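Structural features, examined
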Amino acid sequence: MIRISCKNERFTYDMYHIVKSFLPDAEISQKVDPEQELLIEMTAEEEPDLEEQACDKKVRWTFFHCREAEIADISEKREQKRYINKKLYRTLVKKTGEEHAWGNMTGVRPTKMIMERLEEGSSEEEIIRYMHDTYVVSEKKAMLGIEIAKREKAQLDKLDYENGYSLYIGIPFCPTTCSYCSFTSYPVAKWQNRMDEYVDALLKELAFIAEVSKEKHLNAIYMGGGTPTTLSAQQMDRVLSFLEEHFSFEHLKEYTIEAGRPDSITEDKLRVIRKYGVGRISINPQTMQQKTLDVIGRRHTVEDVVRIFHLARELGFDNINMDLIAGLPGEHPEEMEDTLRQIKELAPDSLTVHALAMKHGSRLTRERAASAEKQNYKQMARELEEMIDMARKAAGEIGLYPYYLYRQKNIAGNFENVGYAKVDKAGIYNILIMEEKQSIVAAGAGASTKVVLPYEIPAPGSKNGRMTNLIRIENVRDVGEYISRIDEMIERKGEWLWH
């Protein structure tokens, strides 16, 4: 058990996640005590990953602390946090013998800060130095971030931030729930009788968005989930025909449907998608190892992936993305090498490679927590790094270049997810969701709208006077509630959209 005690609650989030990145299995408790003497104190019972104790019973000891006097000469609160984060990171490196390529970064959007510095005119050398001095990021990862930020900037420069927006459409149903997944999704078999009701509510919300956005320029449409192809061909036709009738596509630069799981994709559905001019689809195997597919709860076969991919090509789809996850249960570099060999034979137009994150609430996380077998996270991190490098090389061999990057919590080794694409096939929406430079209006259960304002306002609900130019509007996650409360979801959007 590790206990984190802070005098000020603004330090708790980063403290927790930095410790967790080194000690994924550790049980961590946190408290805020304005009366305590130390600004931050972390204590632990005897913990093999931190320090050996020559005694029979557990002993509580302080392994990290910070006094207010240490940051007294640092005026900016942000710089105070950075000082403390770096100090904690170096303490954990010394105690565990591990280093992380992304250093002490806890944010999911490293390219966003790199993009800001490129726009300010900073040189590559200045950015590399800043990333290392501020977050202890390695030169290799800083260079990757710069390479991707430059490609992102080339795509984003084509967009009109002020008058443009993107549209996300959420279909929160899946054939089954994969063991590693914690996203809000619902078994389609249990909701089959209410799917039409869901589509009715969705179209009502989309009608409102279309009406209030008619003076804006729609730049990108992304239908995700869940699994959008859990909709029947008829239901898919309803949604896509509605979009065509109610929205102007004059300024549309990208139209994506994350078709997703091969066990939900049929020829009829692909023909409907093709009929309405959708240019980009995803067919996501996650792995090309059948034994792993069975373990994680996927119902498709490796042969299904190949068959559906070739069918999509025959129907004229020339921008197909595939997703892979490095580090799935039972997989090692040998399995990744074989998966990449098969992916190269298919030659998708883009490839997104995720490092497995142990997401809170996923079945896989619960199973590992209940297992008596201790996880060797150092070994997992070494293998993940090898698999990520293998994927980068394989992508380059079929002409795919890194174009967007994001990070998740609870990845062994604190690694990243990277999207690779042909030069003219980079996913604009994927870049927008990471860089937060343009408003994304979202419809559907659990969908999150992000309104980017041209000015800053006091952050809603903030207790410390924080300012923001980004407003989030969350739809309820539960499908039944979404259907019954659709008018409330519409009213929420009306409070912020384009005011």
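Position labels on residues start from 1 in each chain and follow its written sequence. Per-residue local features are limited, in this predicted model, to residues with pLDDT of at least 70; the limit for side-chain atom pairs, both in listing and counting, is 80 or more; totals at the level of whole chains, interfaces and linings are taken over all residues. Remark: hydrogens and water are excluded; side-chain values derive from all non-hydrogen atoms of the structure.

1. What about the confidence of the model for the protein?
Operational definition: Looking at any residue, its pLDDT shows the predictor's confidence there, from 0 to 100. Contacts are residue-level and defined by heavy atoms, with any inter-residue pair within 4.5 Å sufficient.
Of all residues in the protein, 91% attain a pLDDT of 70 or more, and the chain-wide mean is 90. With pLDDT under 50 throughout, residues 51-55 is counted as low confidence; its partners more than four residues away or in other chains account for five contacts.

2. So, the pattern of salt bridges
Using the following cut-off: Any carboxyl oxygen of Asp or Glu within 4 Å of a side-chain nitrogen of Lys or Arg constitutes a salt bridge here. Numbering of helices and strands starts at the N terminus; helices are DSSP runs of H or I of at least 4 residues and strands are runs of E of at least 2. Each residue is assigned to one of three classes by its accessible area relative to the maximum for its type, calculated with a 1.4 Å probe on protein chains only: buried under 20%, partly exposed between the two thresholds, exposed over 50%.
Taken as a whole and assessed by the stated rule, the structure comprises 35 salt bridges. Measuring nitrogen to oxygen at the nearest pair gives 2.8 Å for the salt bridge that ties E147 to R151. With E147 and R151 both in helix α5 (residues 139-156) and four residues apart, this pair spans about one turn of that helix. Accessibility expressed as a relative area gives 31% for E147, which makes it partly exposed. The partner of E488 in a salt bridge is R492, and the shortest N-O contact between them spans 3.2 Å. You can see E488 and its partner R492 sitting in helix α17 (residues 486-496), four residues apart, about one turn around the helix. Taking relative accessible area as the criterion, R492 reaches 29% and is therefore assigned partly exposed.

3. Quick notes on the packing of aromatic side chains
Test applied: Ring pairs shown here join Phe, Tyr and Trp side chains whose ring centres sit within 6.5 Å, with only the six-membered ring taken for Trp; geometry is labelled stacked below 30 degrees between planes, edge-to-face above 60, and tilted in between. Put simply, a charge is over a ring when the Lys NZ or the Arg CZ is close to the ring centre, within 6 Å, and near the line of the ring normal, within 35 degrees.
Under the defined criterion, the tally for this structure stands at twelve aromatic pairs. Judged by centre distance (6.0 Å) and plane angle (25°), the ring pair of Y404 and Y406 falls under stacked. Both residues of the pair, Y404 and Y406, belong to the buried class. Three or more aromatic residues joined by ring pairs make a cluster, and in this case those are Y168, Y222 and Y429. R117 extends its terminal NZ or CZ atom over the ring of Y130, reaching a point 3.8 Å from the ring centre.

4. Regarding the pairing of strand β8 (residues 217-225)
Threshold: Two strands are said to pair when DSSP picks up at least two bridges between them. A clockwise course of the path from the first strand over the helix to the second, judged with the strands pointing away from the viewer, identifies a crossover as right-handed.
The buried count for β8 comes to seven of nine residues, which makes it a mostly enclosed element. With four bridges joining them, β8 and strand β9 (residues 254-260) adopt parallel strand pairing. Looking at the pairing, I221 lines up with Y255 of β9. Regarding the hand of the β-α-β motif, the stretch spanning β8, helix α8 (residues 233-246) and β9 is right-handed.

5. Quick word on the side chain of T111
Heads up, the rule is: Think of a polar contact as two N or O atoms within 3.5 Å of one another; within protein, one of them needs to be a possible hydrogen donor and the other a possible acceptor, and neighboring residues in sequence only count if both atoms come from side chains.
Looking at the secondary structure, you find T111 in helix α3 (residues 110-119). T111 gets classed as buried once you look at its relative accessible area, which sits at 1%. A polar side-chain atom of T111 sits 2.7 Å from a polar atom in the side chain of E435. Sequence-distant contacts of T111, that is, excluding residues within four places in its chain, are made with G145, I148, A149, E152, L405 and E435.

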